[in-house]
Amino acid sequence: MGIFFVFQYVCQHGVFFCPLQMYSAVYKCVCKHFAEQLHADLCHHVLQVVQRWSTDLLQLSQAEDKIPFLVKTDYFLSQFSNALSSIVPLFTYLVNGQF
């Protein structure tokens, strides 16, 4: 299972994914000396997701009815918060592993 599938699933569904599967995918990348690339890819992926959310929120903020903006903001914050429980340990592992 690819690591980006895991992040995409976590971000879309806001559920915690099995840490063993994520660490297994990261461990394989580290063993193959792809840790630096994985770290860069993870940063890029997170940036893309947040930029997409920002664009969506900007459009909603310009509407007269602010309720959809508030609902979507709550939804994105919930997804981001849930995803952090998976993303932060992986970044920590990569940084502490000194690539």
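Quick caveat: nothing in here was measured; it's all calculated off a predicted structure.

Novice: Provide a residue-level description of a nonpolar patch on the surface, including the pertinent values.
Specialist: A surface patch of nonpolar side chains, amounting to about 280 Å² of accessible area, comprises V50, F80, L84 and V88. The biggest single contributor to the nonpolar patch is helix α4 (residues 67-96), with 3 residues. Tracing the backbone through its elements, the reader meets L84 in helix α4. A residue is classified by how much of its surface remains accessible, and L84, at 34% relative accessible area, is partly exposed.

Novice: Break down helix α3 (residues 35-61) for me, citing the residues and quoting the values.
Specialist: Its 27 residues place the ends of α3 38 Å apart at the C-alpha level, agreeing with the 39 Å of an ideal helix rising 1.5 Å per residue. Looking at α3, one finds that the buried residues are A35, L38, H39, L42, H45, V49, W53 and L57.

Novice: I'd love a proper account of the nonpolar core, names of residues and values included.
Specialist: Side chains of nonpolar character tend, in soluble globular proteins, to be buried together. V26, L38, L42, A83, I87, L90 and F91 form the largest nonpolar core, which has 7 residues in total. Where this core is concerned, the elements lending two or more residues are α3 and α4. A total of 4 residues in this core trace back to one element, the largest contributor, which is α4. Beyond its immediate stretch of four places on either side in the chain, F91 contacts H39, L42 and C43.

Conventions used here
Residues numbered from 1 in each chain as written. Predicted model: local features only at pLDDT ≥ 70, side-chain atom pairs only at ≥ 80, totals over all residues. Heavy atoms only, no water. Patch = residues over 30% accessible without salt bridge, like charges linked within 9 Å, V, L, I, M, F, W, Y side chains within 5 Å. Areas by Shrake-Rupley, 256 points an atom, 1.4 Å probe, with all protein chains shown as cover. Salt bridge = Lys/Arg side-chain N within 4 Å of Asp/Glu carboxyl O. Helix = DSSP H or I, 4+ residues; strand = E, 2+ residues; numbered from the N terminus. Buried < 20%, exposed > 50% of the residue type's maximum accessible area, 1.4 Å probe, protein only. Expected span 1.5 Å × (residues − 1). Core = buried A, V, L, I, M, F, W, Y, C linked by side-chain atoms within 4.5 Å. Contact = heavy atoms within 4.5 Å.

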